[in-house]
Amino acid sequence: MFPNEYGLMAGAAQALALAGGEENIARAVRLTECALAGDMREKPRATARAALCFMYRMAGEPEKARQLARNLPHVWESREILLSAFLDPPERAAYRHESLPRLQRFIQATAEG
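Source: prediction; values computed, not measured.

Calculation criteria
- Residues numbered from 1 in each chain as written.
- Predicted model: local features only at pLDDT ≥ 70, side-chain atom pairs only at ≥ 80, totals over all residues.
- Heavy atoms only, no water.
- Salt bridge = Lys/Arg side-chain N within 4 Å of Asp/Glu carboxyl O.
- Buried < 20%, exposed > 50% of the residue type's maximum accessible area, 1.4 Å probe, protein only.
- Helix = DSSP H or I, 4+ residues; strand = E, 2+ residues; numbered from the N terminus.
- 1 Å grid on protein atoms, 1.4 Å probe; cavity = no way out; pocket = protein on both sides within 12 Å on 5 of 7 lines; lining within 4 Å.
- Points joined across faces, edges and corners; volume = space filled by probe spheres on them.
- Nonpolar A, V, L, I, M, F, W, Y, C, P; charged D, E, K, R; others polar.
- Core = buried A, V, L, I, M, F, W, Y, C linked by side-chain atoms within 4.5 Å.
- Contact = heavy atoms within 4.5 Å.
- Polar contact = N/O pair within 3.5 Å; in protein donor to acceptor, adjacent residues only side chain to side chain.
- Axes fitted to C-alpha atoms, helices over the stretch in contact; angles between N-to-C directions.
- Parallel < 35°, antiparallel > 145°, perpendicular 65-115°, else oblique.
- Left-handed = near helix turned anticlockwise from the far one by under 90°.

Caption draft 1: Representation of the pattern of salt bridges in the model. By the definition in use, this model includes five salt bridges. The shortest N-O distance in the salt bridge between E80 and R79 comes to 3.7 Å. Owing to a relative accessible area of 19%, E80 belongs among the buried residues under this scheme. R79 gets classed as exposed once you look at its relative accessible area, which sits at 59%. R102 is paired through a salt bridge with E98; the nearest N and O atoms lie 3.6 Å apart. Taken together, the positions of R102 and E98, both in helix 6 (residues 89-112) and four residues apart, correspond to about one turn of that helix. Taken together, the salt bridges that share partners define one network made up of E63, R66 and R70.

Take a look at the structure:
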């Protein structure tokens, strides 16, 4: 219906992947790959790339997931790291107090399985 709405396509793909099932996941992978080939804004593209890593894993393609993950930006380019470097000291402390524990919980959760 909207063949050039790549953000919408990526969102539909994520919904399919969450629904589960081999056919849905395969379709979600194809839709996401198609969306990423199109012209998307930076944030939806980053979200789609991260989601595609998980979709590849769900589709039984762990090497594709690892390869894509290897090509994603590293943590030093994240909002949590960069913004904390540019805030004034009082605001920086509050931001780090709020955001860095979330990052730590995420790292711990992924390390546990």
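Now that the structure has been shown, we can carry on.
Caption draft 2: Looking closely at the layout of surface pockets. Taken as a whole, the largest pocket spans an internal volume of roughly 1100 Å³. Taken together, 25 residues line the largest pocket, and the ones lying closest to its centre are A46, A50, P73, S78 and E80. Counting only elements with at least two residues in the lining of the largest pocket, the list comes to helix 3 (42-58), helix 5 (79-86) and helix 6. By residue class, the composition of the lining of the largest pocket is ten nonpolar, six polar and nine charged.

Caption draft 3: Up close: the nonpolar core. Judged by nonpolar contacts, the single largest core of 19 residues is most densely connected at A28, A35, M40, L52, M55 and Y56. In this view, Y56 contacts V29, E33, E61, P62, K64, A65 and L68; residues no more than four positions away in its chain are not counted.

Caption draft 4: Representation of the side chain of S84. In this fold, S84 is placed in helix 5. From its side chain, S84 meets the backbone oxygen of E80 in a polar contact 3.2 Å long. In this structure the side chain of S84 is engaged in a polar contact, spanning 2.8 Å, whose partner is the backbone oxygen of I81. Among residues more than four places away in sequence, those in contact with S84 are R79, R92, Y95 and R96.

Caption draft 5: The arrangement of the environment of V29 in detail. Positionally, V29 belongs in helix 2 (residues 22-37). Each C-alpha atom of the pair V29 and A10 lies 9.4 Å from the other, and the pair is 19 residues apart in sequence. In contact with V29, not counting residues within four places along its chain, are L52, M55, Y56 and A59.

Caption draft 6: Seen up close, the packing of helix 3 against helix 4 (residues 62-70). Running from N to C, helix 3 and helix 4 cross one another at 160°; their axes reach a closest spacing of 7 Å. Viewed along their axes, helix 3 and helix 4 adopt a mutual orientation that is roughly antiparallel. For the pair helix 3 and helix 4, the sense of crossing is left-handed. For the pair helix 3 and helix 4, contact is made by R49, L52, C53, Y56 and R57 and by P62, K64, A65, L68 and A69, respectively. Looking at the contact of helix 3 with helix 4, its residues break down into seven nonpolar, no polar and three charged.

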